[in-house]
Amino acid sequence: MSLIRHHIGGVESGAAERSGPVFDPATGQSHRRVAFASPVEVDDAVRAAKAALPAWRATGLIKRADVFFRLRQLLVERQDELAQIITSEHGKVLSDAKGEISRGIENVEFAAGLAHLLKSEHSEQVARGVDVHSVKQPVGVVAAVTPFNFPVMVPLWMTATAIACGNTVILKPSEKTPSAAIFLARLYEEAGLPPGVLNVVHGDRVAVDTLLESPDVRAISFVGSTPVARDLYQRAAAKGKRVQALGGAKNHMVVMPDAEIAQAADAAVSAAYGSAGERCMAVSVLVAVGAQTADDLVAAIAERVAVLQIGPGTDAASDMGPLITAEHRDRVAGYVTGAEAEGATVVIDGTTEQFDGDGFFLGASLIDHVRPGTKVYDDEIFGPVLAVVRVESYDEAVALVNASPYANGTALFTRDGATARNFEFDIEVGMVGVNVAIPVPVGSYSFGGWRNSLFGDTHIYGPESINFYTRSKVVTSRWPDRSPSAVSLGFPSNH
Ligand code: NAD
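Every value quoted in this text rests on a predicted model; they were computed, and no experiment measured them.

(A) Seen up close, the pattern of salt bridges. The final tally for this structure, using the stated rule, is 24 salt bridges. Between Lys-98 and Asp-80 there is a salt bridge whose closest N-O contact spans 3.0 Å. One end of the pair, Lys-98, is in helix α4 (residues 94–112); the other, Asp-80, is in helix α3 (residues 79–90), and 18 residues separate them in sequence. When its relative accessible area of 34% is taken as the criterion, Lys-98 is described as partly exposed. One salt bridge connects Arg-205 with Asp-209, and the closest N-O pair in it is separated by 3.2 Å. Taken as a pair, Arg-205 and Asp-209 lie in helix α8 (residues 205–213) at a separation of 4 residues, close to a single helical turn. Its relative accessible area of 52% is what places Arg-205 among the exposed residues. Residue class for Asp-209 comes out partly exposed when judged on its relative accessible area of 23%. Residues joined in a network through salt bridges with shared partners are Arg-205, Asp-209, Asp-231 and Arg-235.

(B) Structural detail: α3. For α3, spanning 12 residues, the distance from its first C-alpha to its last is 16 Å, which sits close to the expected 16 Å at 1.5 Å a residue. Among the residues of α3, Leu-82, Ala-83, Ile-86, Thr-87, Glu-89 and His-90 are the ones counted as buried. Looking at the buried side of α3, the elements it contacts are β1 (2–4), β4 (19–24), β5 (29–35), α2 (61–77), α4 and α7 (179–190). Just past α3, the residue Gly-91 takes up positive phi, approximately 105°.

(C) Seen up close, the site of the ligand. Around the ligand there are 27 residues in total, and Lys-172, Glu-175, Ser-225, Gly-247 and Glu-380 lie nearest to it. Here an oxygen atom of the ligand sits 2.7 Å away from a polar atom, N or O, in the side chain of Glu-175. Within the side chain of Glu-380, one N or O atom sits 2.6 Å away from an oxygen atom of the ligand. In the complex, the protein chains occlude 88% of the 850 Å² of accessible area that the ligand would expose alone. Among the elements of the structure, α8 and β11 (217–223) are those that each provide at least two residues to the shell around the ligand. Residues belonging to the shell around the ligand are distributed by class as follows: 14 nonpolar, 9 polar and 4 charged. Looking at the shell around the ligand, you find at least three residues from each of domain 1 (2–247 + 453–475) and domain 2 (251–434).

(D) Representation of the sheet that holds strand β23 (residues 470–478) within the structure. Within the open sheet, the 3 strands sit side by side as β6-β7-β23. Their pairing is antiparallel. The open sheet is flanked by β6 (122–127) and β23, the only strands paired with a single partner. The mean inter-strand angle of the sheet, taken between neighbouring strand axes irrespective of direction, is 30°. Across 3 bridges, the pairing between β6 and strand β7 (residues 130–138) is antiparallel. Pairing of His-122 across the sheet is with His-133, part of β7.

(E) Region of the structure containing the pairing of β5. As defined by bridge partners, β1 adjoins β5 across 3 bridges and the pair is classed as parallel. The residue bridging Ile-4 from the neighbouring strand is Val-34, located in β5. Taken together, the 6 bridges between β4 and β5 define a ladder with antiparallel strand orientation. The partner of Pro-21 across the bridge, within β5, is Arg-33. Joining the antiparallel neighbours β4 and β5 is a turn of 4 residues, in which Gly-28 adopts a positive phi near 75°.

(F) Layout of the pairing of strand β13 (residues 251–255). For β13, the tally of buried residues reaches 5 of 5 residues, placing the bulk of the element in the interior. Where burial is concerned, the two faces of β13 agree: the one with Asn-251, Met-253 and Val-255 and the one with His-252 and Val-254 are both buried. Bridge analysis of β13 against strand β14 (residues 283–289) gives 5 bridges, and the strand direction is parallel. Bridge pairing in β14 links Asn-251 to Val-283. Note that the unit made of β13, helix α10 (residues 261–273) and β14 has a crossover that is right-handed.

(G) Representation of the sheet that holds strand β15 (residues 345–348) within the structure. In spatial order, the strands read β15-β16-β17-β14-β13-β19-β20; together these 7 strands make up an open sheet with mixed pairing. Each end of this open sheet is capped by a strand with a single partner; those strands are β15 and β20 (431–434). For this sheet the average axis-to-axis angle between neighbouring strands, irrespective of direction, equals 20°. Two strands pair when backbone bridges link them, and β13 and strand β19 (residues 409–413) are joined in this way by 4 bridges, in the parallel orientation. Bridging from a neighbouring strand, His-252 pairs with Thr-410 of β19. Sitting on the sheet, helix α15 (residues 417–426) is in contact with β13, β19 and β20, with an inclination near 165° to β19.

(H) A positive patch on the surface, seen in detail. Taken together, the side chains of Arg-57, Arg-218, Arg-242, Arg-471 and Lys-473 define a basic patch exposed on the protein surface. Along the polypeptide, Arg-57 turns up in helix α1 (residues 39–58). We classify Arg-57 as partly exposed; its relative accessible area is 42%.

Rules behind the numbers
Residues numbered from 1 in each chain as written. Predicted model: local features only at pLDDT ≥ 70, side-chain atom pairs only at ≥ 80, totals over all residues. Heavy atoms only, no water. Salt bridge = Lys/Arg side-chain N within 4 Å of Asp/Glu carboxyl O. Helix = DSSP H or I, 4+ residues; strand = E, 2+ residues; numbered from the N terminus. Buried < 20%, exposed > 50% of the residue type's maximum accessible area, 1.4 Å probe, protein only. Expected span 1.5 Å × (residues − 1). Contact = heavy atoms within 4.5 Å. Near = heavy atom within 4 Å. Polar contact = N/O pair within 3.5 Å; in protein donor to acceptor, adjacent residues only side chain to side chain. Areas by Shrake-Rupley, 256 points an atom, 1.4 Å probe, with all protein chains shown as cover. Nonpolar A, V, L, I, M, F, W, Y, C, P; charged D, E, K, R; others polar. Domains from an automatic or database assignment. Pairing = 2+ DSSP bridges. Axes fitted to C-alpha atoms, helices over the stretch in contact; angles between N-to-C directions. Right-handed = clockwise from strand over helix to strand, strands pointing away. Patch = residues over 30% accessible without salt bridge, like charges linked within 9 Å, V, L, I, M, F, W, Y side chains within 5 Å. Lys, Arg positive; Asp, Glu negative; His and termini not counted. Charge placed at Lys NZ, Arg CZ, Asp CG, Glu CD.

The values are spatial; any link to function lies outside them.
Right, here's the structure in full:
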């Protein structure tokens, strides 16, 4: 059985003493294992990153940008290969895997503009003969901890800007989908990144805890579930590290009575069941305003769900692949089987769908008449389950969304501009779509939710990540000239 190993200082290392199985979710089989880093191995990676830091932060901006231009080209050329790797460990369909790669490439394109992004401010003559300017300097060695569901896009969210800003990085990908990170590290080096600038350590909590304890790790970016995000945020902050920790979600799509029902149904089905619902921006709650809207939508969605093809992600006919593990599939199924007891109506029960083989497949489910306070509504299910909540008015819909502990993304479907504008103003959620069900911002903006969907001050990738991955320094200078000087113990004034 082959072993997926760490990538430290440009060299593959790691033994099978502590390791975990890596499954192909479409077959349920595991033919490979992934090494779990020990504290000593994580420290090796931190040392490699620290050793690479002085030369990398001194590398000229144009030369750094060259790496990203080449990386972009390599990602485009090798996207089929990379998509196969994603699908073989995650299970998502190949077209979806390619979609994730293209969204990740946006972050590489953004990073290629680093010479512009790292420009700072300069004020001439703040006092006679005195100038002030600011500079953005790298934070140092930074850690990136990523979830299973976007094995390429989320590592690129973090590594592209971190490296562009002159930092060196230790990436700890999910132990469930580890191979894409190694592929990315090799691609970065093929693009000209010096060894040690990007290191990958695999593993579990032991690796993350060691990164948190290391005084040389100055900042940490995390994306994963809310309980881990909250805990990691608190522990990293207590150690004085800069930290951004993005957590889970429960995204609501509000449909007004004037919405185009067919378009809203298409969008809801794509956003709820794409990637088997294992997206932090998946729509998991449909909020229908008015009974007629709800009846029409449920009927239109049910029609579409009935014809979804579920099968291996490598099969071009599949719309939806398997879930990540057998345990997760069973957990998701439990929400559906328990829904009626909570007073909801199961319109389509995906748990009854039969599949050949041992893959972690589950059919798509649609549950109507769901209410807050039930498990189906309150929990992040992270599977192919769409809950429908019926409300009477726009105000009730907004109050519902604003009361959710999660606030990653939300969407409004309407044909009325004034309602859309009010929604944008009223809604307390980090990313908002107007007739766009999955409003993941383009790479030139930043991504992040509110409340339990993000702990920290800065959103991830885009302009806010430049602030996260740099420290500002302000220089006040005066050059000796012919003007007379004198001793003064007063506080320096610019008047
Ligand atoms: P997870 O929290 O289980 O794991 C995320 C990472 O943390 C992995 O690398 C894992 O090895 C590590 N980890 C797990 N438990 C840990 C612990 N106790 N201490 C330290 N590290 C630990 O998340 P997951 O199951 O891989 O991913 C799915 C979750 O991620 C969902 O909740 C989803 O909403 C969320 N997610 C959020 C976003 C976002 O942008 N907000 C994006 C993608 C996924």
